[in-house]
Amino acid sequence: MKKLYIHVSFILAGFIGTLVILDGFNPAMGFYRSEVTQIAIIALCVITIANSVVYTIHRYIKRKNRRSKTKKGE
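Rules and cut-offs
- Residues numbered from 1 in each chain as written.
- Predicted model: local features only at pLDDT ≥ 70, side-chain atom pairs only at ≥ 80, totals over all residues.
- Heavy atoms only, no water.
- Helix = DSSP H or I, 4+ residues; strand = E, 2+ residues; numbered from the N terminus.
- Rg over C-alpha atoms; globule rule 2.2 N^0.38 Å.
- Buried < 20%, exposed > 50% of the residue type's maximum accessible area, 1.4 Å probe, protein only.
- Areas by Shrake-Rupley, 256 points an atom, 1.4 Å probe, with all protein chains shown as cover.
- Core = buried A, V, L, I, M, F, W, Y, C linked by side-chain atoms within 4.5 Å.
- Contact = heavy atoms within 4.5 Å.

A.B. asks: Looking at this model, I keep getting lost on the overall build of the protein chain. Mind explaining?
C.D. replies: Looking only at helices and strands, one finds two helices and zero strands in the protein chain. Radius of gyration (C-alpha) of the protein chain: 19 Å, far over the 11 Å computed for a compact globule of 74 residues. Each principal axis of the C-alpha atoms in the protein chain carries an extent, and together these give about 70 × 20 × 15 Å. Here the protein chain holds 74 residues, and 16% of them are scored as buried. Of the roughly 6200 Å² that the protein chain leaves accessible, carbon and sulfur atoms contribute 69%.

A.B. asks: In this structure, what is going on with the environment of Lys 64? I would like to understand it.
C.D. replies: Here Lys 64 shows up in helix α2 (residues 35–73). Taking the C-alpha atoms as reference, Lys 64 lies 15 Å from Val 54; in sequence the two are 10 residues apart.

A.B. asks: Before we go on, may I ask you to explain the nonpolar core in this structure?
C.D. replies: In summary, soluble globular proteins display a tendency toward joint burial of nonpolar side chains. Core analysis: the largest hydrophobic core is formed by five residues, namely Leu 12, Ile 16, Ala 40, Leu 44 and Ile 47. If you list the elements that add at least two residues to this core, you get α1 (2–25) and α2. In this view, Ala 40 contacts Leu 12, Phe 15 and Ile 16; residues no more than four positions away in its chain are not counted.

A.B. asks: What is the right way to look at the environment of Asn 51 in this model?
C.D. replies: With respect to the secondary-structure elements, Asn 51 resides in helix α2. Residue Asn 51 is classed as buried on the basis of its relative accessible area, which comes to 19%. Taking the C-alpha atoms as reference points, Asn 51 and Lys 3, separated by 48 residues in sequence, lie 9.0 Å from one another.

A.B. asks: Would you mind showing me how to read the side chain of Ser 9 here?
C.D. replies: Relative to the elements of secondary structure, Ser 9 occurs in helix α1. A residue is classified by how much of its surface remains accessible, and Ser 9, at 13% relative accessible area, is buried. Beyond its immediate chain neighbours, meaning those up to four positions away, Ser 9 contacts Leu 44, Ile 47 and Thr 48.

Structural data, given as structure tokens:
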């Protein structure tokens, strides 16, 4: 699941980056005003936050397991 969050974040970031470039070339198209762009930005934020939470939990569990192994080995 963690890899899925990373890939989706990468895809959404590329999509939003493309919209930024296109909007720079043709501001009349109004890519930032479209509903699709707003949904993509919200989705990127939610997935990035979820990815951070999953990574933090993973690191916590890994550290906890490492500490319990060193205590057992003493």
